[in-house]
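# Analysis of the macromolecular model
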Amino acid sequence: MKKLILLAAIIGTGLLSSCGPSQKDAITYNDGIMDLIDALKTEHTLFIGQIDGHNVDSLKISHTLFADKAKKSLEESKKYGPFAEKKDFSNATHDYFMAMNSIAVNEGRQMVEIMSKDSAHVTQDDLDKITALANTFDETYSKAYDKLQAEQIKFSKEWKFELIETSK
């Protein structure tokens, strides 16, 4: 009888510990999201680097790459639904990619249109508009990134793993 109770206890413990996601699953989830962000960051940085407008063709190409990657990243981010039935990190991830797609399609596109004009046709209103668009671009990005980062920190604390900055 004692052997049967011991065996039942071992099986019960094994079943309970195997239910739900593990810390390793949480790390894999986090890393997948960060890989997606890093991939988009490459195109985002390339576009930002071309905003000086010195080479209009490069500006247009980098914007197209950024807008395309932002759209694809938004679609890919949808596979990161709630983790362990909690939505905060996944919602912040989705909001981040929505913001990136929005600034690529809206502010980014408008900036490229203005900066693609012949310099003789650029007015002070155009320059003011670029400044306003750039400010909106930066504010939208910062707000979404800060929210994502805050949720990632909460997620890592909840699942007891350390966030380490890596360069890829």
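Residues numbered from 1 in each chain as written. Predicted model: local features only at pLDDT ≥ 70, side-chain atom pairs only at ≥ 80, totals over all residues. Heavy atoms only, no water.

### Here we look at the overall build of the protein chain
Broken down by element type, the protein chain carries five helices and zero strands. Taking all 168 residues of the protein chain together, 33% fall into the buried category. With an accessible surface of roughly 10,800 Å², the protein chain has 57% of that area assigned to carbon and sulfur atoms. (Helix = DSSP H or I, 4+ residues; strand = E, 2+ residues; numbered from the N terminus. Buried < 20%, exposed > 50% of the residue type's maximum accessible area, 1.4 Å probe, protein only. Areas by Shrake-Rupley, 256 points an atom, 1.4 Å probe, with all protein chains shown as cover.)

### Quick word on helix α2 (residues 23–50)
Residues that lie three or four places apart on an α-helix share one face, since the helix turns once every 3.6 residues. For α2, which comprises 28 residues, the first-to-last C-alpha distance of 41 Å matches the rise-based estimate of 40 Å (1.5 Å per residue) to within 8%. Sitting at the amino-terminal end of α2 is S22, which places a side-chain oxygen 3.3 Å from the backbone nitrogen of K24. (Expected span 1.5 Å × (residues − 1). Polar contact = N/O pair within 3.5 Å; in protein donor to acceptor, adjacent residues only side chain to side chain.)

### Re the packing of α2 against helix α4 (residues 88–115)
The axes of two packed helices give the description: the angle between them and the distance between them. Where α2 meets α4, the axes come as close as 12 Å, and the angle between the chain directions of the two elements is 10°. For the element pair α2 / α4, the angle class is roughly parallel. Where α2 abuts α4, its residues Y29, N30, I33, M34, L36, I37, L40, H44 and F47 lie against F89, S90, T93, Y96, F97, M100, G108 and V112. (Axes fitted to C-alpha atoms, helices over the stretch in contact; angles between N-to-C directions. Parallel < 35°, antiparallel > 145°, perpendicular 65-115°, else oblique. Contact = heavy atoms within 4.5 Å.)

### Structural notes on the layout of surface pockets
Space inside the largest pocket adds up to approximately 620 Å³. As for the largest pocket, its lining consists of 21 residues, and the residues nearest its centre are M34, Q152, I164, E165 and T166. Elements with a contribution of two residues or more to the lining of the largest pocket: α2 and α5 (124–158). Of the residues belonging to the lining of the largest pocket, the class tally is nine nonpolar, five polar and seven charged. (1 Å grid on protein atoms, 1.4 Å probe; cavity = no way out; pocket = protein on both sides within 12 Å on 5 of 7 lines; lining within 4 Å. Points joined across faces, edges and corners; volume = space filled by probe spheres on them. Nonpolar A, V, L, I, M, F, W, Y, C, P; charged D, E, K, R; others polar.)

### Thoughts on the nonpolar core
Counting 37 residues, the largest nonpolar core has F66, Y96 and F155 as the members making the most contacts within it. Listing elements by their share of this core, those giving two or more residues are α2, α3 (56–77), α4 and α5. Element by element, the count of residues in this core is highest for α4, at 12 residues. Residues within four places of Y96 in sequence aside, it is in contact with I37, Y141, A144, Y145 and L148. (Core = buried A, V, L, I, M, F, W, Y, C linked by side-chain atoms within 4.5 Å.)

### Regarding a nonpolar patch on the surface
Together, L46, I61 and L65 make up an exposed nonpolar region whose accessible area comes to about 250 Å². Position of I61 relative to the elements: it lies in helix α3. (Patch = residues over 30% accessible without salt bridge, like charges linked within 9 Å, V, L, I, M, F, W, Y side chains within 5 Å. Salt bridge = Lys/Arg side-chain N within 4 Å of Asp/Glu carboxyl O.)

### Looking at the environment of D31
With respect to the helices and strands, D31 occurs in helix α2. Residues D31 and L163 lie 132 residues apart in sequence; the distance between their C-alpha atoms is 9.8 Å.

### A few points about the side chain of H44
Relative to the helices and strands, H44 resides in helix α2. With sequence-adjacent residues up to four places away left out, H44 is seen in contact with F66, M100, F137 and Y141.

Fair warning: the whole summary comes from geometry, so function is off the table for now.
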